[in-house]
Structures are given as C-alpha cells and as structure tokens.
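The residues making up each chain are set out below.
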There are 2 protein chains.
Amino acid sequence: MAPSAIPFPLLYLSFAVFASLLLVPPAASSSTPKLPTFPPSSYYHHSLAQRAKHSAARPKPKPKLPYTTHYFPQVLDHFTFQPKGYKLFPQKYLLNSTFWHRGAPIFVYTGNEGDIEWFASNTGFLMDVAPKFHALLVFIEHRFYGESMPFGNGSYKSAETLGYLNSQQALADFAVVIRSLKHNLSSESSPVVVFGGSYGGMLASWFRLKYPHIAMAALASSAPILQFDDITPWSSFYDAVSQDFKDASLNCYEVIKGSWDELEALSAQKEGLAEISRTFRACKNVQSVDPVWDWLWSAYVYTAMVNYPTEANFMMPLPAYPVEEMCKIIDGFPAGTSKLTRVFGAASLYYNYSQTHKCFELEHAPDSHGLHGWDWQACTEMVMPMNRTEHSMFPPSGFDYKEFSQECKRQFGVMPRPHWITTEFGGKNIKLVLKRYGSNIIFSNGMQDPWSRGGVLKNISSSIIALVTQKGAHHVDFRSASKDDPHWLVDLRNQEVGILKKWINEYYEDMKHSMKE
Amino acid sequence: MAPSAIPFPLLYLSFAVFASLLLVPPAASSSTPKLPTFPPSSYYHHSLAQRAKHSAARPKPKPKLPYTTHYFPQVLDHFTFQPKGYKLFPQKYLLNSTFWHRGAPIFVYTGNEGDIEWFASNTGFLMDVAPKFHALLVFIEHRFYGESMPFGNGSYKSAETLGYLNSQQALADFAVVIRSLKHNLSSESSPVVVFGGSYGGMLASWFRLKYPHIAMAALASSAPILQFDDITPWSSFYDAVSQDFKDASLNCYEVIKGSWDELEALSAQKEGLAEISRTFRACKNVQSVDPVWDWLWSAYVYTAMVNYPTEANFMMPLPAYPVEEMCKIIDGFPAGTSKLTRVFGAASLYYNYSQTHKCFELEHAPDSHGLHGWDWQACTEMVMPMNRTEHSMFPPSGFDYKEFSQECKRQFGVMPRPHWITTEFGGKNIKLVLKRYGSNIIFSNGMQDPWSRGGVLKNISSSIIALVTQKGAHHVDFRSASKDDPHWLVDLRNQEVGILKKWINEYYEDMKHSMKE
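Description of the structure in this document. All figures in this text were calculated on a predicted structure; none of them were measured in a lab.

## Focus on the overall build of chain A
Counting its secondary structure elements, chain A contains 19 helices and 10 strands. Within chain A, buried positions represent 65% of all 517 residues. Split by element, the accessible area of chain A, about 17,800 Å² in all, is 55% carbon and sulfur.

## What to know about the packing of aromatic side chains
According to the stated counting rule, one finds 88 aromatic pairs over all chains in the structure shown. Measuring from ring centre to ring centre gives 5.8 Å for F344 of chain B and F360 of chain B, while their planes differ by 75 degrees; the resulting arrangement is edge-to-face. Taken together, the residues span a long stretch of sequence, with F344 of chain B in helix α14 (residues 339–352) and F360 of chain B in the loop between α14 and α15 (373–380) at a distance of 16 residues. Directly above the ring of Y253 of chain A sits K246 of chain A, whose terminal nitrogen or CZ lies 4.6 Å from the centroid. Over the ring of Y86 of chain A we find R417 of chain B, and its NZ or CZ is 4.3 Å from the ring centre.

## Quick notes on the side chain of E141 of chain B
Residues and elements named next belong to chain B. You can see E141 is positioned in the loop between β4 (136–140) and α6 (159–162). This buried residue, E141, is left without a salt bridge; K92 holds the nearest opposite charge, at 4.8 Å. Looking at E141, its side chain comes within polar contact range of the main-chain nitrogen of I116, at 2.8 Å. Within the structure, E141 has its side chain in polar contact with the backbone nitrogen of E147 (distance 2.8 Å). Apart from the residues lying within four places of it in its own chain, the contact partners of E141 are Q91, K92, G114, D115, I116, G146, E147, S148 and F174.

## Quick look at helix α7 (residues 167–184) of chain A
Three- or four-residue spacings in an α-helix give side chains the same orientation, since the helix completes a turn every 3.6 residues. All names here are of chain A. With 18 residues, α7 should cover 26 Å at 1.5 Å per step; its first-to-last C-alpha distance of 26 Å lies within 8% of that length. Of all 18 residues that make up α7, 16 are buried, and the element is covered over most of its length. Between a side-chain oxygen at the N-terminus of α7 and the backbone nitrogen of Q168 the separation is 3.3 Å; the capping residue is N166. Just beyond α7, the residue with positive phi is S186, at close to 50 degrees.

## Notes on the packing of helix α12 (residues 290–305) of chain B against α14 of chain B
When two helices pack together, their arrangement is given by the angle between the helix axes and the distance between those axes. Residues and elements named next belong to chain B. The interhelical angle for the contact between α12 and α14, taken along N-to-C directions, is 60 degrees, at an axis separation of 9 Å. Our classification of the angle between α12 and α14 gives oblique. Considering only the axes of α12 and α14, their crossing is left-handed. For the pair formed by α12 and α14, the contact residues are W295, L296, S298, A299, Y300, Y302 and T303 on the first element and V343, F344, A347, S348, Y350 and Y351 on the second. Split into classes, the residues belonging to the contact of α12 with α14 amount to 10 nonpolar, three polar and no charged.

## A few points about the relation of the copies chain B and chain A
The relation between the two copies of this chain is a rotation about an axis and a shift parallel to it. Expressed as a screw operation, the relation of chain B to chain A combines 0.0 Å of axial shift with a rotation of 180 degrees, fitting to an RMSD of 0.0 Å. The superposition operator between the copies reduces to a two-fold rotation axis. Proximity to the rotation axis, assessed at the C-alpha, singles out K210 of chain B in chain B; its C-alpha lies 2.8 Å from the axis. A share of 100% of the interface residues of chain B reappears at the interface of chain A, consistent with the copies meeting face to face through the same patch.

## Here's the deal with the sheet that holds strand β6 (residues 217–221) of chain A
Residues and elements named next belong to chain A. Across the sheet, eight strands lie side by side as β1-β2-β4-β3-β5-β6-β9-β10; this open sheet has mixed pairing. Looking along the sheet, the strands with just one partner apiece sit at the ends: β1 (68–75) and β10 (464–469). The average undirected angle you get between the axes of adjacent strands in this sheet is 20 degrees. Pairing of strand β5 (residues 192–197) with β6, which is carried by five bridges, proceeds in the parallel orientation. Opposite V193, over in β6, you have A217 as the bridge partner.

## Focus: the pattern of salt bridges
Within the structure shown, the criterion is met by 30 salt bridges over all chains. A salt bridge links R436 of chain A to D510 of chain B, with the nearest nitrogen and oxygen atoms 2.7 Å apart. Remark: D510 of chain B occurs in helix α19 (residues 487–516) and R436 of chain A occurs in the loop between α18 (430–435) and β9 (441–446); the pair is interchain, linking two chains.

## Quick notes on the interface of chain B and chain A
The interface of chain B with chain A comprises 73 residues on the first partner and 73 residues on the second. At the boundary of chain B with chain A, total buried surface from both sides reaches about 6,500 Å², with 58% on carbon and sulfur atoms. On the chain B side of the contact with chain A, F81, R436 and Y437 of chain B bury the most area, a combined 15% of that side's loss. In this structure, the connection of chain B to chain A is made through six salt bridges. Taken together, the connections running from chain B to chain A amount to 37 residue pairs in polar contact (both at pLDDT 80 or more). Of all the secondary structure elements, the ones that give two or more residues to the side of chain B that touches chain A are β1 (68–75), α6, α7 (167–184), α8 (199–210), α15, α17 (420–425), α18 (430–436) and α19 of chain B. Here the element with the most residues in the side of chain B that touches chain A is α7 of chain B; it accounts for nine residues. Looking at the side of chain B that touches chain A residue by residue, the classes come out as 34 nonpolar, 22 polar and 17 charged.

## A word on the state of the cysteines
Scanning the entire structure with this criterion turns up six disulfides over all chains. What pairs with C252 of chain A in a disulfide is C327 of chain A, and their sulfur atoms sit 2.0 Å apart. Because the sign of the S-S torsion sets the handedness, a value of about -65 degrees for the bond joining C252 of chain A and C327 of chain A places this disulfide among the left-handed ones. A residue pair is termed long-range when its members are at least 10 positions apart, and C252 of chain A in helix α10 (residues 250–268) and C327 of chain A in helix α13 (residues 322–332) qualify at 75 residues. As far as burial versus exposure is concerned, C252 of chain A and C327 of chain A are alike and both buried. Here C283 of chain B pairs with C359 of chain B through a disulfide, and the sulfurs are 2.0 Å apart. Between C283 of chain B and C359 of chain B the disulfide shows an S-S torsion of about 95 degrees. By sign, it is right-handed.

## Side note on the sheet that holds strand β2 (residues 88–96) of chain B
The strands that make up a sheet are held in pairs by hydrogen bonds between backbone atoms, and each pair lies either parallel or antiparallel. All names here are of chain B. Read across the sheet, eight strands follow the order β1-β2-β4-β3-β5-β6-β9-β10 without closing on themselves; strand pairing throughout is mixed. Either end of the sheet is taken by a strand with one partner, and the two such strands are β1 and β10 (464–469). Neighbour-to-neighbour, the strand axes of the sheet open up by a mean angle of 20 degrees, direction not taken into account. Lying on the sheet, α7 is in contact with β1, β2, β3 (106–110), β4 and β5 (192–197); it crosses β1 at an angle near 115 degrees.

## Considerations on the pairing of strand β9 (residues 441–446) of chain B
All names here are of chain B. Extensive coverage of β9 is indicated by the burial of six of its six residues. Neither face of β9 is open: one carries I441, F443 and N445, the other I442, S444 and G446, and all of them are buried. Where strand β6 (residues 217–221) and β9 come together, four bridges link them in parallel fashion. When the bridges of β9 are listed, L219 appears paired with I442. As judged from the six bridges shared by β9 and β10, these two strands associate in the parallel manner. The partner of N445 across the bridge, within β10, is V468.

Reading guide: rules and limits
Residues numbered from 1 in each chain as written. Chains lettered and ligands numbered in written order. Predicted model: local features only at pLDDT ≥ 70, side-chain atom pairs only at ≥ 80, totals over all residues. Heavy atoms only, no water. Helix = DSSP H or I, 4+ residues; strand = E, 2+ residues; numbered from the N terminus. Buried < 20%, exposed > 50% of the residue type's maximum accessible area, 1.4 Å probe, protein only. Areas by Shrake-Rupley, 256 points an atom, 1.4 Å probe, with all protein chains shown as cover. Phe/Tyr/Trp six-rings, centres within 6.5 Å; stacked < 30°, edge-to-face > 60°. Lys NZ or Arg CZ within 6 Å of the ring centre and 35° of its normal. Lys, Arg positive; Asp, Glu negative; His and termini not counted. Salt bridge = Lys/Arg side-chain N within 4 Å of Asp/Glu carboxyl O. Polar contact = N/O pair within 3.5 Å; in protein donor to acceptor, adjacent residues only side chain to side chain. Contact = heavy atoms within 4.5 Å. Expected span 1.5 Å × (residues − 1). Axes fitted to C-alpha atoms, helices over the stretch in contact; angles between N-to-C directions. Parallel < 35°, antiparallel > 145°, perpendicular 65-115°, else oblique. Left-handed = near helix turned anticlockwise from the far one by under 90°. Nonpolar A, V, L, I, M, F, W, Y, C, P; charged D, E, K, R; others polar. Least-squares fit on C-alpha atoms with pLDDT ≥ 70 in both. Pairing = 2+ DSSP bridges. Buried area = accessible area lost by both parts, 1.4 Å probe. Disulfide = S-S within 2.5 Å.

By themselves, these are just geometric observations and shouldn't be taken as functional.
Now the structure itself:
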C-alpha cells in the first residue's frame, strides 16, 4: 500500500480542507475493527519521546555524572521582539573541563526531549573520547524539558506557553549559549562540534546546517531527518520493527502478527478482559483492550530501537540483543501455548528483565524522563506520518491527517504545520542539496533501529558521511565503550573519532592560513 | 580613534550595566557642543531606511510596472506556535512570467524595507536579464512594509505588533512563498536564485545561507552584512562618504568640513536662525539648527550612496555622478562666498535637481516609501554601530550604546539585541567560515557607496565571489541598463549574468546526475 501524500496546502489554515481529500487506507478499520486504528493518541506512541512511558514505575535514576551543573539566563523568544519575549529563563547545562585547555575543541551535546542528565548518562562516548581531543564537554538541556522550564510549573499550561517549545528556538538557544560560553572562556577560536542522538541528532545536524559559523562539524546519531512529509515511505518504521523480529525468527514474527487477532477475539468474549488481565498479570484489571495493545506495542518498538549488542539500560534494563531474546521466549514455549501467552512472555522481558515486578501497571504510567513535551512538538512541527501495512507484524492502519490534526487542535488548540520542518530545514532532494552545499556532518545509523529508515544512509559527499551498521541500534555509538562491545561497534566509534580528528585538524589549518592572510 | 567594542554580555538584559562601562569617545560633545551629538534619533538617520526622509514632499510615484500583483496568505509567526501566531496576513508579491516556462529558473527579489513596487521599479536589471534565463520574476514584499501589514493600520501600534517585524520572520516568509509558488506552478525542480539590494541584499545572502535547499544561489548587491558588532570599523561609513567628496575635490571636502562650525556659530548669534532660514530658503523658519544639520547630512550621505554614473531617480532625481556635481557647485562660487551658502547650493542639487521647489521643508517630512519600520528594526536586531572621527567631513561623534539602547527602550519599550545578528547569521571570521562552508553567492559592491565598507569586498572561494567596482554606488548593478552606462557597469552586469549562468547550468547537471543515481 503506497502512502498517500499530504497535499501541499496553499496556506496552512486551509489544511483541514485539503486533508479531507486524503485517501485513508481502508485496511485498518476493516481487519481490526476494535483495535486502536490510528488516532493521534496512538500516533504519539510512535514518537521518539513516548518511549519511556512504561518505565515510569521505577524510581527516577539519579546518576552520578562527571559534570558540573550550570544555568544560563536564556531569552524566551529569539524570533520576535515583543516585550514578553525578552523574559529570561534558566537553561540548564552540564560541563566537564577535565581534559580541556583553552583553544582546544568544545564538544556540545544538543539536548533533546528529556532531562539532560539522562542523555549525559547515556552518552558515555563523549567522556570516552574527550581525552583524545582535550575536549570540553557541554550538555545543553532543551527548553521545556528537565529543569529548563521557561514558565516553571506553568510551562505546559497552554499553547500560549508551549508555543515557545520548538526546534528553531532550541537551536537558537544552543547558539546563544555556545557563543557566550566561548566568550566567557576566552576561547573564541575553539572549534565546536555538536553531537546529538535521535531528535538530538536532528538538532545537531540542523545546527551545523543553520549555524555553520558556530559549529564546524556535527555527529548526528540515529537522526531521522527524512521522516517528514513524503520523503521516507510511511510504512518504513513499522516494517523495520517487524524486520528485526523476522530476522530473529520467522515464527516469532508470525506469532506476534497473529496475536492481535487472538487478543481481539478474547476481549470480545464474556470475561475476556478478566482473562487478559490474568494472562498479562495486570496489577489492576483492564477495562478495555487498548492499554494491553499499547503495552505490547511499546515493548516491541522500544526493544527494536534498543536492540543493543550488550546489556544496557537506556529505556529499560535489557540483555544483549533483546529482540533475539524476546523471540527465544516466544519460540521456546511448548507446542500448543497460545500466542497471547507467548507475547506476554516476550513483553515481560522488556518490562521485567530485572525481575522486580510481581504484576504490571498496564495503564499508562506518568512520564519518568520529562518527555511529555514531545506530544506538543508532534502536534505542531514534528509531524512524522507513519502507517502500518500488511507486511508488518502490527495490525494495518493508515495515517489520517485530518483526524490527526483535529485531535491536535482539540488537545492543544493549534493545528500542526506538517510542511514546516522541510521548509525550514530541507530534506527533499537532500542528496542534491547537501552535495552542493553542506559539509562536516556524520550521520550514523544502526539498521536494527526502526528510526534508521528516516535517516541519511548513504554518503552524500566526501564530508557528509553516512556510517551504517547492520547490527547497530538507536544511537548505540553514543553509549560508553565496554569490554563486551563487538568489533563493528569499536570500529564505528574509531571511524567517528578519526573523521572528527581529520576535520578538526583541517579547521586548525584553515584558521592558521586565514590569520596569515 | 579606535571604536570601543561592545562588550559581549552574559545575558541580554544586563546589557545596560555592561554598556555603562563603554568608553564614549570624547570628541563629539567637546568640539561641537550644540550640534546633534549622537543620540539614537540621530543614529537612525544612518540607517538604510531613512534615506527617503526628505523626498516626501513629492507625490508618491505610481510606476507602470510589468508585474501582476498577488497576495499570499502568510503566517504571522513562524517560530512560535501560539494560537495568535497562526493569524494570516496578505503578503504582497509581484510576478512576471513573460519569459518563463516550467522548469526554468525562478528569480526572487527578497524585498527590503519599503514598498515592493519601489524596489521593482529600481531593479530593472531583473527584467533586462530575464529573457536570457527564461526566468520567472518574483518580487516579494517584506512584512510590515508597503501593503504587507500583518495588523493593517495597527501594525506599528506597539512592540506587541512590531515584535513580528524582523529578518528571521521575513526569511521564513520568503521560504514559504517560494515553496508554495513552485508547488502551485508544478515546477519544483526550477532553480531559485535570490536577489536583493542593500538590506534586501543582506536578506538574499542570508537566505542562501539559511535556506540552501530553497535557493541555489544569491546575488547580494550592496549588502553590508559585516556592519555589525565590531567586524567593520565603526568609522568606515562616514569616512567613505567623506572620501567620495574628497576624491571629487579636496576643497569641496574642506568646505563641508568647515561649514558645521559656521552653521553652529551663526545659530548662536542673535537672529542667526532667521538668517539660516533665509540662506536655506526654508518654507518655514527653523526653530533650531538640528533640522538644518539633518537636511545637509542627508544630502551628502544619500548623494554618496547614489553616486551613479548616469542620471537616476532612486532617492531623488539626480544627474550623473552627483557628488562631482555637488562639488562643482561648492567650488564654483566666487571667492569670499560663505561656506554655508556653498553647502546650501550643493544640497539644493540633491533636493531640487528638477527645479520644482521654491522653498524647502527643512523639518522632517513624512516617509514616502513606507520605510519607517526600519527605526524598529534598528532598535532591535539591526544594530550597526557607527561613529565619526576627525577624518570625516562631519562633526566627530562617538557611538554611545547606553544612550542608544535607552532611547530604544523609551521609544519602543524594548532593548536592542546588539549581538543577535552575528549569532544568528554569523559575520565574524566570515572568510574562514564561508570558505569552509557556503557557495554560490555573489556580493557586489560599488566603492562610492559608503555601505560598501560593511560588505564582502574580497573573494572568499571560487563560488563566493566579491565583485567590486571603484566607481559603482548603491546597488547600481540592479538599475535598468541604459545606453549611457559606462563600460565597467556593462562589464559588471555581464559578469553577474555569466556567473549565474554557470551556476544554473551546474545545478541542472547535478540534478540530472542525482536523478540517475
């Protein structure tokens, strides 16, 4: 099923009218009438931000990080000059200067949709490589996440406050902080490299494109900058998740694919929901099948994303290659075991690898990483259309822009601007555009990660480089090196370090020549 | 006298405190105590926008232009998603498709601070070259100028409305209009070249830097993108005006330089202002010397800017090489004629070349080209510090940032952000940055134009090219070709056409290859 393109509107506000002309793929509601079809509320689950939804029961980790904490008095609105836009808010950033000396590189992590500590603790790569570059490390928190709340507790009150939460303002924040920092450190000539993973990787690459006078290079890991408009096939994300499971075991894929009907059928029976609650060890009986669907959905999607080659705890504590482990569980039950029991077993790996749960909170739990601002971003600029076709292991479903946008309007009082990101940052014909223009960006992607499909997967030029690993997952390169790392991962990181070294040396050379002229 | 640098603030709001530490060059107030020293109100006169101030008495010209007029429903605020930012306003643009066919280039003039018709009628270059490229011509009006008023008559009411008037929003407007236009014309593959003169040239070059996915080249004529912060010596503008007059005649320069004291001395005498009014043929007696000062000042500055090699009517109707003509007048009076009489004669050339005035409105007249929004822009982002040293023919004066910013605050209720433009668009170490990054920008400058000193005057790379003409003035290349054009001007335009042809051909080639891949 080919994705139906969002028509390009003459004006944004008329979008609803145009969208009504969209072809909505019919498969969804006919084959799985009572499963969540694709309302926006379900759409959000695909966002990068919602991934921690079910991890909330755990206490918030307070990692001991090798960083000092600082707050920058940031301007609320860089792009209007209304008096209220001059308001300052404390933007949090973390610093490590252990290895740095004046004039040496500054490595900046462009924070994404969560507490900056969370990203710092999951980006050990920077600490690992800092000595090689004598680099200053800076992690800047994204506005409206973590502690960087422009309106304190009222930051999420309404579209009036949330209006200032978007990528352009965030990039300008980074620019202002970096410029001020360099000035205050009397290190104006330090080359700045920006790093980011996931949405943070999008920000890092966009920062290099929009602020080349501030950052001389970017390493964007797992950055799906092509997941907008109709650049990437809308089905690619769920196809990629499914491929991970299919690659692990065809039976596993088929069990999961068949389990939705089983779930649906059981829920329609008398006492069906009670039985489902028992099967899924619900702490509290579920009142509908939706949270169960969601609970399973999250387990598959996030496990595919973090299908790391070593034990890790990004979303949840998990063993090495957790997709394979899930499939081993599914395949390992005795013949005759129901699909539901099998998939429950698989999902339990995700939710309970450390065996601390006696029962599961199947209903949505509150957000533990301060990520809920993504809902707003997904409803305004970060419109990444996705559908699910018959090829995936999920129930098929189309992307109904009209429904999506109306839900956004209902929830936040504003309509999405689905073409804004590609207008502001590009993406269409990226090869032609960036070959002719940009430089010094590494796009790294691991093909286990479903977000990779919206990433840059081929070299664009000699200095816009795609590093792709077949066995890599969501910004795996950014994790701390460990003795168990496979060769391809060690190689990947070495390549990144080598490329950055080369670019930084070139920068120093160019700077020397430029000063002589 | 070296310009005192604006210190880089830790935060914008504390600027007033930092600014109090600024060294204010003492020359101004001591040598010319009663002349306008350098208050912000005088500072604005240096802006690109105020240049038409004294031309207001004339009826607004309604040129017959070869364009059709259109209005695009533009979004008020691209960078926040507050409900009120979704408001649409009609943004005016002009189209000429006489020579165009689908797939052929689209030439876009990125409108600056005035009615778009005014720029269209003074950019005959585009009509002249359109047939050579089969180009579609588009002139997009800048928001808050001409008819493109987001809040109708209330657009200039307060900082609340004016807040949306700035360069970033303007660039985003252009991006949205161009993208929509290409879509509606089914000509997505058309290469887009942006053109602009003066502030419009700054916008054109910035557009190429920020939106390389939309514009594949820019021709920025007389674009002082380096007139910010301390990149260009603050004295350069007035030194350049003075140099024009000195080159025409040393005596002329000295007469003008000496006239200020004469004016000052006369004004201090009993009945001095009445005599000044008579000498300057004031329609109404002046009440202070300030408007006379201003009247003279404008005549010199704008005549230097438009020191064109042929008769022209950009600011005012003027003969070819008007600076030389002014100096001939000054030098041509009989021995013993007062300096004031001489400079009045010179200024009359500027104000009354067509001999239509019997007397002069020395007091400020209302703005005839819809330019007054520049005051706001100069008080927010477009902070271009300038001073006048002993080398210039004007009374020396420093740039007092504190006074300037306080006046802005008083007038508009907001403080300037003097480092914002260089944070957002760069400018420092431009050679190093753009050599390593950008491409396909022509910066053309005529050295007669005092704004040239803040422009890019040397080639940066093989595709960031500076075209400099010693006898050129403010975007002279954009004027319609005429039979009287000197060879260097014909050559300049030919060079521009040749370079653009080359770049456009390369683009088509790259596109062909890219589609094959």
